[in-house]
Amino acid sequence: MVDAIDLKIISRLQLNSRASFVEIGKQIGLSPSSVRERVQKLEETNVIKAYKAQLDYNKLGYGLEVMIMLKMFSGKLKDFNKQVHDFPEIKELYRITGPHNIFMKVVLKDQSHLQQFIDRLLAYGEPTTHLILSDFHDFKSSII
């Protein structure tokens, strides 16, 4: 079971997943070895599932980020699930409730690439596209 100390560790890791056990220990008043043991337990129990690099897609040649909601055609969800790995542009993908079935974050090179991507989606449903104008780089969230 996760306790208050674990929640403090998780909070620090959410803000900086590369923080050392020494840094975290100083911040919460725990020895580095205790922090390490607790993090290992959180990883083993899948409370912490992964550590990921946050990329600047613009610097990688993908100047367009969009959110797309997809209202699936009847009977197309299984086909989409089988083919979704053929869409490397999709960086986040969720099945949701409401009039749309799928919500995705997509990175694309330009408007032409967006048009081609939407054309491919049309085989599965009706997409609604929202262009991301900016994000809040400094926004940090934690459960505590």
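Structure shown above.
Residues numbered from 1 in each chain as written. Predicted model: local features only at pLDDT ≥ 70, side-chain atom pairs only at ≥ 80, totals over all residues. Heavy atoms only, no water.

### Considerations on the sheet that holds strand S2 (residues 90–95)
We apply this condition: Whether two strands pair comes down to DSSP finding at least two bridges between them. A run of H or I in DSSP counts as a helix once it spans at least four residues, and a run of E counts as a strand once it spans at least two, with each numbered from the N terminus. To obtain an axis, a line is fitted to C-alpha atoms, over the contacting stretch when the element is a helix, and the angle between two such axes runs from 0 to 180 degrees between their N-to-C directions.
Ordered by their spatial adjacency, four strands build an open sheet running S2-S3-S1-S4, and the pairing between neighbours is antiparallel. The strands lining the two open edges of the sheet, one partner per strand, are S2 and strand S4 (125–131). Put simply, the sheet's adjacent strands are angled 20° from each other on average, direction ignored. Two elements, strand S1 (residues 64–72) and strand S3 (residues 102–108), share seven bridges in a ladder whose sense is antiparallel. Directly across from valine 66, in S3, lies its bridge partner valine 106.

### Observations concerning helix H1 (residues 4–15)
Threshold: Expected span of a helix: the number of residues minus one, times 1.5 Å. The rule is simple: take the accessible area with a 1.4 Å probe, protein chains only, and divide by the maximum for that residue type; under 20% is buried, over 50% is exposed, in between is partly exposed. Counting of polar contacts relies on pairs of N or O atoms within 3.5 Å, with two restrictions inside protein: one atom must be capable of donating a hydrogen and the other of accepting it, and residues adjacent in sequence are counted only when both atoms are side-chain atoms.
Here H1 contains twelve residues, and its C-alpha end-to-end distance of 17 Å stays within 8% of the 16 Å for a straight helix at 1.5 Å per residue. When we look at burial in H1, the residues that qualify are Asp6, Ile9, Ile10, Ser11 and Leu13. Of the residues that open H1, the one with a side-chain oxygen 3.1 Å from the backbone nitrogen of isoleucine 5 is aspartate 3.

### Here's the deal with the nonpolar core
Condition: Think of a nonpolar core as a cluster: buried Ala, Val, Leu, Ile, Met, Phe, Trp, Tyr and Cys residues, connected wherever their side-chain atoms sit within 4.5 Å. What makes two residues a contact is simply this: any of their non-hydrogen atoms within 4.5 Å.
In terms of nonpolar packing, the biggest core is built from 18 residues, with Leu70, Phe80, Ile90, Met104, Val106, Phe117 and Leu121 touching the most fellow members. It is S1 that provides the largest number of residues to this core, a total of five residues. The residues contacting leucine 121, other than those within four sequence positions of it, are Ile68, Leu70, Phe80, Phe87, Met104 and Pro127. With ten residues, the next largest nonpolar core counts Ala19, Ile24, Val35 and Leu42 among its residues.

### A closer look at the environment of histidine 100
Note that histidine 100 resides in the loop between S2 and S3. Accessibility expressed as a relative area gives 16% for histidine 100, which makes it buried. Once the C-alpha coordinates of histidine 100 and arginine 36 are considered, the two residues, 64 residues apart in sequence, prove to be 42 Å apart. Apart from the residues lying within four places of it in its own chain, the contact partners of histidine 100 are Met69, Leu70, Lys71, Glu126 and Thr128. Among the polar contacts listed, one links the side chain of histidine 100 to the side chain of threonine 128, at a separation of 3.3 Å.

### A short note on a nonpolar patch on the surface
What counts here: Patches here: salt-bridge-free residues with over 30% relative accessible area, like charges joined within 9 Å, nonpolar side chains (Val, Leu, Ile, Met, Phe, Trp, Tyr) joined within 5 Å. Using the Shrake-Rupley algorithm and a 1.4 Å probe, accessible areas are obtained, with residue cover drawn only from the displayed protein chains. Each salt bridge in this description consists of a side-chain nitrogen of Lys or Arg and a carboxyl oxygen of Asp or Glu lying within 4 Å of one another.
On the surface, a cluster of nonpolar side chains totalling about 190 Å² of accessible area is made up of Val2, Leu7 and Val47. Here valine 2 shows up in the segment before H1.

### Structural notes on the packing of aromatic side chains
What counts is decided by this rule: Aromatic contacts are taken between Phe, Tyr and Trp rings whose centres are within 6.5 Å, Trp giving its six-membered ring; a plane angle under 30 degrees counts as stacked, one over 60 as edge-to-face, and the others as tilted. By definition here, charges over rings are those cases where NZ of Lys or CZ of Arg is within 6 Å of the ring centre and within 35 degrees of the ring normal.
Considering all chains together, one arrives at four aromatic pairs under this definition. Each ring, one from phenylalanine 80 and one from phenylalanine 87, has its centre 6.1 Å from the other, and the planes form 40°; the classification is tilted. Look at phenylalanine 87 and you get buried, because its relative accessible area is 5%. Centre to centre, the rings of phenylalanine 80 and tyrosine 124 are 5.4 Å apart; their planes meet at 70°, and the pair counts as edge-to-face. Remark: tyrosine 124 occurs in the loop between helix H5 (111–121) and S4 and phenylalanine 80 occurs in helix H4 (residues 77–83); sequence separation between them is 44 residues. Tyrosine 124 shares its class with phenylalanine 80; the two are buried. In this structure an aromatic cluster arises from ring pairing among Phe80, Phe87, Phe117 and Tyr124. The ring of phenylalanine 87 carries arginine 120 above its face, with NZ or CZ at 4.2 Å from the centroid.

Such coordinate-based values are descriptive only and should not be taken to indicate function.
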